[in-house]
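Given next are the chains, with one letter for each unit.
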Amino acid sequence: MDLECGEGRMHRLSLCRPRLRDRAGGRRFFKRIVGGGFSGPILSLVGKHNDLLSIHMDLRQIRYFIAVAEDEHFGRASERIHIAQPALSRQIQLLEAELGVTLFDRLPRGVKLSAAGRTFREHCRQILLNLSHAVSETQAVARGEAGMLKLGFIEVAAWNGIIPETIMEFRRANSGVRLVLSAMTSLNQIDAIYDGRIDAGFLYNPPIDAALTVLPVTRHAVLLAVQAGSEFAGKKSVAVSELAGRPLISFYRRESPTYYDELHRGLFQAGVAVNIVHEAENEAEMLALVTTGLGIALVNECQRWRMPDGIALIPVRGLDVGLNLTLVYRSNHSVPALSRFLSLLRQ
């Protein structure tokens, strides 16, 4: 098929219909490929029935078309967008040939949009608007102002203090970023950081790993949890030596190996032999058992924000052990929003 173009040269419109089969039902598809002196196809449109109509369209052609559609005159449009009129006319003719429709009715003086042209103009304006939004959003994500940030946290550490304060400040300053927050144990957070389920996590006493970066946040003390009516309940503090031989409710080492080892090392160095009567899954279970009178427990000072009835929390003198709250993330992370969060946290 030959087409007469603006400069009087003949350009060939080649049609080819390769037969393709899909996996589902062996339906036949056809592809129309249009040649014509331009590069950068940006659109692929699906035709009626089972035919796949592939439209190769340069973004410049859309802008040229909109310019002519707005001015309804090739001369004025060519001056406004700084392109020679013959070249502009050729691009519009190529576009019409590719679409198989007449976009403009040619008049003695100027042109006028056809009914098909008016429809195409509205779609082209939406295409450019969507493209503008795509560019803006992509750039915002690259700057860390949009996108998603997935954070893990220890529940007890998030009731008060630096975690909720930092998260609220980040949300105020970065409303375009979607924050996904997940309460997890320290070990689960480490696994989630490795496999990408979270970008970073607030956790205690992380393991040493060259693949991870550890940002110290704060240190929480260890307090003694006792029944409200026990002999320790009325004291302002107790000496670590007073814990010797007392029934102690502890936790499984697998839940926090580093903290477990530090705690028992601290007791050993203080010369205290503990009598572990139960190992729990978490501190909530430990506190529940303290209320029953089963024993005492050494717990995170943050528990005072949700201390159950019948429990007293008391400082322990001579026990140099604490929980180091950190933010942990992959050293080679590529999440712009995380970089902004780190900057805020360091402040």
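Residues numbered from 1 in each chain as written. Predicted model: local features only at pLDDT ≥ 70, side-chain atom pairs only at ≥ 80, totals over all residues. Heavy atoms only, no water.

**Student:** Tell me about the packing of helix α2 (residues 74–81) against helix α3 (residues 85–99), and name the residues and values.
**Tutor:** Helix-helix packing: each pair is described by the crossing angle between the helix axes and the interaxial distance. For the pair α2 and α3, interaxial distance at closest approach is 9 Å and the crossing angle is 110 degrees. With respect to each other, α2 and α3 are oriented roughly perpendicular. For the pair formed by α2 and α3, the contact residues are Phe74, Gly75, Ala77, Ser78 and Ile81 on the first element and Gln85, Leu88, Ser89 and Ile92 on the second. The class makeup of the residues in the contact of α2 with α3 is five nonpolar, four polar and no charged. (Axes fitted to C-alpha atoms, helices over the stretch in contact; angles between N-to-C directions. Helix = DSSP H or I, 4+ residues; strand = E, 2+ residues; numbered from the N terminus. Parallel < 35°, antiparallel > 145°, perpendicular 65-115°, else oblique. Contact = heavy atoms within 4.5 Å. Nonpolar A, V, L, I, M, F, W, Y, C, P; charged D, E, K, R; others polar.)

**Student:** Describe the pairing of strand β12 (residues 212–227), with residues and values.
**Tutor:** Bridge analysis of β12 against strand β18 (residues 322–330) gives nine bridges, and the strand direction is antiparallel. Paired with His220 across the bridge in β18 is Leu323. (Pairing = 2+ DSSP bridges.)

**Student:** Can you explain the packing of aromatic side chains? Please cite residues and give values.
**Tutor:** Here the structure, examined in full by the defined rule, presents seven aromatic pairs. The cationic tip of Arg254 hangs over the ring face of Tyr252; the distance from NZ or CZ to the ring centre is 4.4 Å. (Phe/Tyr/Trp six-rings, centres within 6.5 Å; stacked < 30°, edge-to-face > 60°. Lys NZ or Arg CZ within 6 Å of the ring centre and 35° of its normal.)

**Student:** Talk me through helix α8 (residues 283–291); I want residue IDs and the actual numbers.
**Tutor:** If you check which residues of α8 are buried, you get Glu283, Met286, Leu287, Leu289 and Val290. In a view along the axis of α8, the buried residues occupy a sector of 160 degrees, so they form one face of it. On its buried face, α8 is in contact with β12, β14 (247–251), β15 (275–280), β16 (296–300) and β17 (311–317). Two or three places before Ala284, at the opening of α8, Asn282 has a side-chain oxygen 3.2 Å from that residue's backbone nitrogen. Downstream of α8 by a residue or two, Gly293 has a phi angle that is positive, lying close to 85 degrees. (Buried < 20%, exposed > 50% of the residue type's maximum accessible area, 1.4 Å probe, protein only. Arc of directions from axis to C-beta. Polar contact = N/O pair within 3.5 Å; in protein donor to acceptor, adjacent residues only side chain to side chain.)

**Student:** Please give an account of unusual backbone geometry that cites residues and values.
**Tutor:** Peptide bonds are trans in most cases, and residues, glycine excluded, mostly fall at negative phi. Residue Glu72 is not a glycine yet carries a positive backbone phi of 50 degrees. According to the relative accessible area criterion, Glu72 is partly exposed, its value standing at 35%. For His82, which is not glycine, the phi dihedral falls at a positive 60 degrees. Checked against the element boundaries, His82 lands in the loop between α2 and α3.

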